[in-house]
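These are the residues of each chain, in order.
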Amino acid sequence: MNTKVEELDGKYVATLEGEMDTAAAMEAQTALKPLYESGGRDVIIDCEKLEYIASSGLRILLGILKGAKANGSKVVLRNVNSDIKDVFKLTGFINIFDFE
């Protein structure tokens, strides 16, 4: 799992690549730590190269969403493939995240 976080145009942009399974979740959580306290910046999470997400990965994304909303920020998931979107549908997370 490769995770990259950068600040662009006043927003945080995170790129997720590979499989966010239970083994990779701890590393991903550390890499995504700046997003938990977005400081009022909107967050974009690019999932174009994300191949798989486990429940531990969903928990991380939910934590980011809660932290961002508490700071008045918006979180958008971008380029989510149909398999991953199905996981969001099955868990009901499809209703709490914004997708582009």
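Placed above this text is the structure.
First, a word on what this report is: a plain description of the structure on this page. (Residues numbered from 1 in each chain as written. Predicted model: local features only at pLDDT ≥ 70, side-chain atom pairs only at ≥ 80, totals over all residues. Heavy atoms only, no water.)

Describing the nonpolar core
At step 1: Leu32, Ile45, Ile64 and Phe88 are the most contacted members of the largest nonpolar core, which totals 27 residues.
At step 2: Elements supplying a minimum of two residues to this core: strand E2 (11-20), helix H1 (22-31), helix H2 (33-36), strand E3 (43-53), helix H3 (55-70), strand E4 (75-78) and helix H4 (82-91).
At step 3: The biggest single contributor to this core is H3, with 6 residues.
At step 4: Discounting residues that sit within four places of it in the chain, Leu32 has contacts with Thr3, Val5, Ala14, Leu16, Met20, Ile60 and Ile64. (Core = buried A, V, L, I, M, F, W, Y, C linked by side-chain atoms within 4.5 Å. Buried < 20%, exposed > 50% of the residue type's maximum accessible area, 1.4 Å probe, protein only. Helix = DSSP H or I, 4+ residues; strand = E, 2+ residues; numbered from the N terminus. Contact = heavy atoms within 4.5 Å.)

Description of the packing of aromatic side chains
At step 1: Taken as a whole, this structure holds 4 aromatic pairs when the rule is applied.
At step 2: With a centroid separation of 5.6 Å and an interplanar angle of 85°, the aromatic rings of Phe88 and Phe97 are classed as edge-to-face. In this structure, Phe88 and Phe97 share a single accessibility class: buried.
At step 3: Among the aromatic residues, those joined into a ring-pair cluster are Phe88, Phe93, Phe97 and Phe99. (Phe/Tyr/Trp six-rings, centres within 6.5 Å; stacked < 30°, edge-to-face > 60°.)

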